[in-house]
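Listed here are the chains, written in short residue letters.
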Amino acid sequence: MASITIRNLDDSVKKALRRRAAENGRSMEEEARLILGLELRRDRSLEHGGLGTRLRKIWADSGLEDGLPVPPRTEMPRRVDFGDEGDD
């Protein structure tokens, strides 16, 4: 695995990292790895657009851009009986 050194890190950033690592029960190094990994994966997923964009593409690729076919209604709707409704 590779390692990096980050120079000129603002003191407030280091303090926030230390606090966040302590809150999560991790070392600062482990917390920094986690933050970097999550951020980079998030950026990569946005290259293809957000969730809506990706769902729209999946839908378009399905060949159903005009919607699902709706079968014709062949019988009248059934009457719903709500029991004692209206009887006081």
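A quick note: this is a predicted structure, and the numbers were derived from the prediction, not measured. Counting of residues starts from 1 at the beginning of each chain's written sequence and follows it residue by residue. Given that this is a predicted model, residues contribute local features only at a pLDDT of at least 70 and side-chain atom pairs are listed and counted only at 80 or more, while totals for whole chains, interfaces and linings are drawn from all residues. Working from all heavy atoms in the structure, the side-chain values ignore hydrogens and water.

Trainee: Account for unusual backbone geometry, naming residues and giving values.
Mentor: One non-glycine residue, N8, adopts positive backbone phi at about 60 degrees. Looking at the element boundaries, N8 is found in the segment before α1 (11–23). Per the convention used, a helix needs a DSSP run of H or I reaching at least four residues, while a strand needs a run of E reaching at least two, with both numbered from the N terminus.

Trainee: If you had to explain the pattern of salt bridges to someone new, which residues and values would you point to?
Mentor: The salt bridge definition used is simple: a Lys or Arg side-chain nitrogen within 4 Å of an Asp or Glu carboxyl oxygen. This structure, assessed with the given rule, holds three salt bridges. E31 serves as the salt-bridge partner of R26, at 2.6 Å between the closest nitrogen and oxygen. Take R26: its relative accessible area is 27%, and that puts it in the partly exposed class. For R33, the salt bridge identified is with E29, shortest N-O distance 3.2 Å. For the exposure calls, accessible area comes from a 1.4 Å probe over protein chains only, and a residue counts as buried if that area is under 20% of its type's maximum, exposed if over 50%, partly exposed in between.

Trainee: How would you sum up the layout of surface pockets? Please name residues and give values.
Mentor: As a volume, the largest pocket reaches approximately 690 Å³. Contributing to the lining of the largest pocket are 19 residues, with I6, E29, A32, R33 and L36 lying nearest its centre. Secondary structure elements with two or more residues in the lining of the largest pocket: α1 and α2 (28–46). No other element matches the eight residues that α2 contributes to the lining of the largest pocket. Note on residue classes: Ala, Val, Leu, Ile, Met, Phe, Trp, Tyr, Cys and Pro are nonpolar, Asp, Glu, Lys and Arg are charged, and everything else, Gly too, is polar. Here the lining of the largest pocket is composed, by residue class, of 13 nonpolar, two polar and four charged. The distinction between a cavity and a pocket rests on a 1 Å grid over the protein atoms alone: a 1.4 Å probe fits inside a cavity but cannot get out, while a pocket stays open yet meets protein on both sides within 12 Å along at least five of seven lines, and a residue with an atom within 4 Å of a point counts as lining. Grid points are joined across faces, edges and corners, and a volume is the space filled by probe spheres set on the points.

Trainee: Lay out a nonpolar patch on the surface with the relevant residues and their values.
Mentor: On the surface, I4, I6, L9, V13, L36 and L40 cluster together into a nonpolar patch covering about 580 Å² of accessible area. Relative to the helices and strands, L9 is located in the segment before α1. Accessibility expressed as a relative area gives 40% for L9, which makes it partly exposed. A patch consists of residues exposed above 30% relative accessible area that lack any salt bridge, with like charges linked at up to 9 Å and nonpolar side chains (Val, Leu, Ile, Met, Phe, Trp, Tyr) linked at up to 5 Å. Note on areas: Shrake-Rupley, 1.4 Å probe, and residue coverage restricted to the protein chains presented here.

Trainee: Quick rundown of the confidence of the model for the protein chain? Include the residues and the values.
Mentor: Values of pLDDT, which run from 0 to 100, indicate the predictor's confidence residue by residue. Of the residues in the protein chain, 88% have a pLDDT of 70 or more, and the chain-wide mean is 83. When pLDDT is averaged over each element of the protein chain, α1 comes out on top at 95 and helix α3 (residues 51–61) at the bottom at 79.

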